[in-house]
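# Chains, contacts and geometry: an overview
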Amino acid sequence: MKGVKKTGPLSDSTEMVREGTFKYVNISSIEKNKAKPSLLLHSCCGPCSTAVIERLYPDYDITVFFYNPNITDEKEYIRRKKTQMDFIKRYNDDPTIPCKVGFREGPYDVSAFYRVAEAFAGEPEGGRRCQQCFALRLEKTAETAKILGFDMFATTLSISPHKDYDAISHIGKRTALMYKVGFLDKDFKKNNGYARSIELSKIYGLYRQDHCGCEYSKKKER
Ligand code: SF4
């Protein structure tokens, strides 16, 4: 993108971007005006969201955005969405946890996934098909965050050891520029994030799927 300037990191691993008239969002300036910045958190599934929410809720006002048209089997999609909603309800109902997490569902349109991914059907997991899939989901998240007035967006995708953090980070920052909304760029697998998500999933008795989501990932043993 022409004329794009990137800022350096602003605070810990949070990075914002700016272009033209879009001014980057300084987190400390938000904090002066609000209790917490509002965050639209794209979630791929309930189990991955557990440790991410636990890590972020002290600092962000979180709404989970379940936008996953890559889950090509509708029954599986419904099961994962229910798992996500059940987890949020139980988390919100826990009197020892001082946070209320919101939930929104994006459109479940599998054809949107096939439009971007079908050409790369034969690629191994982690290849170009997955990059298209990340971009589809992050762009819808950023667009929704912008329309609804969230301060920033993020994704749980980086908690998985099967997902390429550098690709997610690059796509997230590019998408932030496209939609002019902040991107919370974090590698959630750091500091035992993935292990913690498994632990929390067991504590909450969550369904953990055995494949990433699309029909192509189902064909392969993981
Ligand atoms: S393997 Fe996962 S990330 Fe890759 S295209 Fe399929 S659903 Fe998307």
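The following refers to the structure shown.

The rules behind these values
- Residues numbered from 1 in each chain as written.
- Predicted model: local features only at pLDDT ≥ 70, side-chain atom pairs only at ≥ 80, totals over all residues.
- Near = placed C-beta within 6 Å.
- Helix = DSSP H or I, 4+ residues; strand = E, 2+ residues; numbered from the N terminus.
- Nonpolar A, V, L, I, M, F, W, Y, C, P; charged D, E, K, R; others polar.
- Axes fitted to C-alpha atoms, helices over the stretch in contact; angles between N-to-C directions.
- Parallel < 35°, antiparallel > 145°, perpendicular 65-115°, else oblique.
- Left-handed = near helix turned anticlockwise from the far one by under 90°.
- Contact = placed C-beta atoms within 7 Å.
- Buried ≥ 20, exposed ≤ 12 C-beta atoms within 10 Å, placed from the backbone.
- Core = buried A, V, L, I, M, F, W, Y, C linked by C-beta atoms within 7 Å.
- Pairing = 2+ DSSP bridges.
- Right-handed = clockwise from strand over helix to strand, strands pointing away.
- Expected span 1.5 Å × (residues − 1).
- Arc of directions from axis to C-beta.

### Focus on the site of the ligand
Taken together, Asn70, Ala117, Glu125, Arg129, Cys130, Cys133, Cys212, Gly213, Cys214, Tyr216 and Ser217 make up all the residues around the ligand. Every element with two or more residues in the shell around the ligand is listed here: helix H5 (128-148) and helix H8 (215-218). Among the residues making up the shell around the ligand, the classes are represented as six nonpolar, three polar and two charged.

### Regarding the packing of helix H2 (residues 46-56) against helix H7 (residues 193-203)
The N-to-C vectors of H2 and H7 enclose an angle of 110°; their axes lie 8 Å apart at closest approach. If you check the angle between H2 and H7, you find them roughly perpendicular. In terms of crossing hand, the pair formed by H2 and H7 is right-handed. Residues Pro47, Cys48, Thr50, Ala51 and Glu54 of H2 form the contact with H7, whose participating residues are Gly193, Arg196, Ser197, Leu200 and Ser201.

### Details of the environment of Val52
Counting through the fold element by element, Val52 comes out in helix H2. Residue Val52 is classed as buried on the basis of its C-beta count, with 24 C-beta atoms lying within 10 Å. When sequence neighbours within four positions are dropped, the list of residues in contact with Val52 reads Leu41, Thr156, Ile159 and Phe188.

### Quick word on the nonpolar core
Grouped together as the largest cluster of nonpolar side chains are 46 residues, with contacts concentrated most on Leu39, Leu41, Val52, Ile62, Met152, Phe153 and Val181. For this core, the elements supplying multiple residues, two or more each, are strand S3 (38-42), H2, strand S4 (61-66), helix H3 (74-93), helix H4 (110-117), H5, strand S6 (152-155) and helix H6 (165-179). Here the element with the most residues in this core is H5; it accounts for seven residues.

### Some remarks on the sheet that holds strand S7 (residues 182-183)
Ordered in space as S5-S4-S3-S6-S7, the five strands form an open sheet in which the pairing is parallel. Strands with a single pairing partner mark the edges of an open sheet, and in this sheet they are strand S5 (102-105) and S7. As defined by bridge partners, S3 adjoins S4 across five bridges and the pair is classed as parallel. When the sheet's bridge partners are listed, Leu41 is paired in S4 with Val64.

### Examining the pairing of S4
With five of six residues buried, S4 lies mostly within the body of the structure. Crossover S3 to S4 through H2 is right-handed. Following the chain from S4 across H3 to the adjacent parallel S5, one finds a crossover that is right-handed.

### Thoughts on H6
Turn by turn, an α-helix covers 3.6 residues, leaving residues three or four places apart pointing in a common direction. Taking 1.5 Å as the rise per residue, H6 with 15 residues should run 21 Å; its terminal C-alpha atoms sit 21 Å apart, in good agreement. Taken together, the buried positions of H6 are Ile168, Ile171, Gly172, Thr175, Ala176 and Tyr179. Relative to the axis of H6, the buried residues are bounded by an arc of 140° and lie together on one face. In the stretch just after H6, Lys180 is the one whose phi turns positive, near 55°.

Interpretation note: all reported values are geometric properties and have no functional meaning in isolation.
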